[in-house]
Amino acid sequence: MKALTDAELLREWKAGSERAFETLFKRHLSQLLLFARRKLDDKALAEDLVQEAFIGFYWQKANLPADLNVPAYLHTSVRNKIYNAYRTLLARQKHHEQHRYTAPVHDHDTVLQLEARELESRLEQEAERLPAQCRTVFFLSRKEFLTNREIAERLQISVNTVEQHMRRALRQMRQVIELVFLPVSLCIAAYAGCV
């Protein structure tokens, strides 16, 4: 029996045949893994990105055109996921580099250390008072350094919803900073002999 083409498998899959999707998956998996592994040093990450590409392909079934070039579509999807992974890695490295080169706090700056801890504590408390999804979005952004798009994908919400949650969270954090920072700036000025 002659093997079905990608176009025929796509048509059958769109008509409801999960076996057709399984065949497409098996047919293209090894090439995509090979491509991803060549681009990434991390085998597990390569496998995750290929899996994410297939999941995205699966969920887009209803929107896929009948004349879709399946290998090109999947290759592009994996390539874009690799680019996003690099962007995220670079953003995290940049963030860590910025914090690595900040000036160390000296022992004689005890007042400033205490004020900074107080501010951090208040911000943590304020973050805990955020509504559940808003808090989750805020922590994914600030603690795991995920982009808005990555947060949206993880939580299965729109990027716009992520942005709204971040605006709300940052507005509340700003209010805490204003309440705490004014006394802190007065302490710094007093400590420096400016007041």
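Note that the coordinates shown come from a computational prediction; the quantities given were computed from them, not determined experimentally. (Residues numbered from 1 in each chain as written. Predicted model: local features only at pLDDT ≥ 70, side-chain atom pairs only at ≥ 80, totals over all residues. Heavy atoms only, no water.)

Visitor: Let's hear about helix α2 (residues 18-39): which residues, and what values?
Guide: Its 22 residues place the ends of α2 30 Å apart at the C-alpha level, agreeing with the 32 Å of an ideal helix rising 1.5 Å per residue. By the largest-angle criterion, leucine 29 marks the main kink of α2, which is about 40 degrees. (Helix = DSSP H or I, 4+ residues; strand = E, 2+ residues; numbered from the N terminus. Expected span 1.5 Å × (residues − 1). Bend = angle between axes of the 7 residues up to and from the residue.)

Visitor: Account for the packing of helix α6 (residues 132-142) against helix α7 (residues 148-155), with residues named and values stated.
Guide: One can describe the packing of α6 onto α7 by two numbers: an axis separation of 10 Å at closest approach and a directional angle of 135 degrees. In terms of their interaxial angle, α6 and α7 are classed as oblique. Between α6 and α7 the crossing geometry is right-handed. Here Gln133, Thr136, Val137, Leu140 and Ser141 of α6 come into contact with α7, specifically with Ile151, Arg154 and Leu155. (Axes fitted to C-alpha atoms, helices over the stretch in contact; angles between N-to-C directions. Parallel < 35°, antiparallel > 145°, perpendicular 65-115°, else oblique. Left-handed = near helix turned anticlockwise from the far one by under 90°. Contact = heavy atoms within 4.5 Å.)

Visitor: Tell me about the packing of helix α1 (residues 6-14) against α2, residues and numbers included.
Guide: At their nearest, the axes of α1 and α2 sit 7 Å apart, and the two run at 145 degrees to each other. Considering how the two elements wind past one another, α1 and α2 form a crossing that is left-handed. Residues Asp6, Leu9, Leu10, Glu12 and Trp13 of α1 touch α2, and the partners they reach there are Glu18, Ala20, Phe21, Thr23, Leu24, Arg27 and His28. Residue composition of the contact of α1 with α2, grouped by class: 6 nonpolar, 2 polar and 4 charged. (Nonpolar A, V, L, I, M, F, W, Y, C, P; charged D, E, K, R; others polar.)

Visitor: Give a description of the packing of aromatic side chains that names residues and reports values.
Guide: Enumeration according to the criterion identifies 9 aromatic pairs in this entry. Ring plane angle 40 degrees and centroid distance 5.8 Å describe the contact between tryptophan 13 and tyrosine 58, whose orientation is recorded as tilted. Placement of the pair is tryptophan 13 in helix α1 and tyrosine 58 in helix α3 (residues 43-59), with a sequence separation of 45 residues. Considering the side-chain rings of phenylalanine 57 and tyrosine 73, the 5.5 Å spacing of their centres and the 50 degrees angle between planes classify their relative orientation as tilted. In this pair, phenylalanine 57 sits in helix α3 while tyrosine 73 sits in helix α4 (residues 70-100), placing the two residues 16 residues apart along the sequence. Classification of phenylalanine 57 as buried rests on a relative accessible area of 1%. Grouped by ring-pair contacts, the aromatic residues Trp13, Phe21, Phe57, Tyr58, Trp59 and Tyr73 constitute a single cluster. (Phe/Tyr/Trp six-rings, centres within 6.5 Å; stacked < 30°, edge-to-face > 60°. Buried < 20%, exposed > 50% of the residue type's maximum accessible area, 1.4 Å probe, protein only.)

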